[in-house]
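Here is how the chains run, residue by residue.
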Amino acid sequence: MNPRASLPLKVAYCLVLLGMIVPFGLAQSGWIGAATGGSAFFGISFVGPLLFLALGIYRIYLVARVPGILDSQTSTGFIAFMRVIGTLCLYFGAVVTVLGWVAGPLMRVFNTVKSESGVEYFVVGLYLTLAAGIGVVGLFLYEYSRLLAFERNALQTRD
């Protein structure tokens, strides 16, 4: 029996991908991007980020439109452990991604004492940016565990 990807998993997967490809909101702008090194494609021309954006949007389209695209083979042992850890990290990353998008307005509402420099926005944005990396790790762990499960299944059916 092959595990089916649930709707919450698909939503978390798409949110983490969206958070990776479209760096907007408090957690990816201004001083936060400068402090964390900015984009992974900072030294490359605009072609790299546009290609990354196109591939990410295409993957989100596939996950949203094609049933079973995130399904995987049944696995045991370390592969199943990686899939569970990857799934948990995906959920955490989705929450952090959404928080990164709404942190600015929420802080303006709930932060009654503001500093002159606005360092509180910087600190919150920095921590959200760093925590969003957990979702990316979850994305890679989940996809790698799927790949290993498919390879193991192919080897078992070949023999």
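The structure contained in this document is the topic of the report that follows. (Residues numbered from 1 in each chain as written. Predicted model: local features only at pLDDT ≥ 70, side-chain atom pairs only at ≥ 80, totals over all residues. Heavy atoms only, no water.)

A word on the environment of Met82
Consideration 1: Position of Met82 among the secondary structure elements: in helix α4 (residues 78-110).
Consideration 2: You can call Met82 buried: its relative accessible area is 7%.
Consideration 3: Each C-alpha atom, one on Met82 and one on Ser145, is 5.9 Å from the other, the two residues being 63 residues apart in sequence.
Consideration 4: Ignoring sequence-local partners within four residues, the contact set of Met82 consists of Leu141, Tyr144, Ser145 and Leu148. (Helix = DSSP H or I, 4+ residues; strand = E, 2+ residues; numbered from the N terminus. Buried < 20%, exposed > 50% of the residue type's maximum accessible area, 1.4 Å probe, protein only. Contact = heavy atoms within 4.5 Å.)

Focus: the pattern of salt bridges
Pairing between side chains becomes possible if they bear opposite charge and their charged atoms approach one another.
Consideration 1: Under the counting rule described, the total for this entry stands at three salt bridges.
Consideration 2: Taking the shortest distance from any N to any O, the salt bridge between Asp71 and Arg4 comes out at 2.6 Å. In this pair, Asp71 is assigned in the loop between α3 (47-65) and α4 and Arg4 in the segment before α1 (7-21), connecting sequence segments 67 residues apart.
Consideration 3: Asp71 sits in the buried class, given a relative accessible area of 11%.
Consideration 4: The closest approach of N and O atoms between Arg59 and Glu143, which form a salt bridge, is 3.1 Å. Remark: Glu143 occurs in helix α5 (residues 119-158) and Arg59 occurs in helix α3; sequence separation between them is 84 residues.
Consideration 5: When its relative accessible area of 22% is taken as the criterion, Glu143 is described as partly exposed.
Consideration 6: Residues participating in the shared-partner salt-bridge network are Arg59, Glu143 and Arg146. (Salt bridge = Lys/Arg side-chain N within 4 Å of Asp/Glu carboxyl O.)

Thoughts on the packing of α1 against α5
Consideration 1: Interhelical geometry of α1 versus α5 gives an angle of 125° and a closest axis separation of 9 Å. Judged by the inter-axis angle, α1 sits oblique to α5. Note on packing geometry: the crossing formed by α1 with α5 is left-handed. Only Gly135, Val136, Leu139, Tyr142 and Glu143 of α5 make contact with α1, whose side of the interface consists of Leu9, Tyr13, Val16, Leu17 and Met20.
Consideration 2: The class makeup of the residues in the contact of α1 with α5 is eight nonpolar, one polar and one charged. (Axes fitted to C-alpha atoms, helices over the stretch in contact; angles between N-to-C directions. Parallel < 35°, antiparallel > 145°, perpendicular 65-115°, else oblique. Left-handed = near helix turned anticlockwise from the far one by under 90°. Nonpolar A, V, L, I, M, F, W, Y, C, P; charged D, E, K, R; others polar.)

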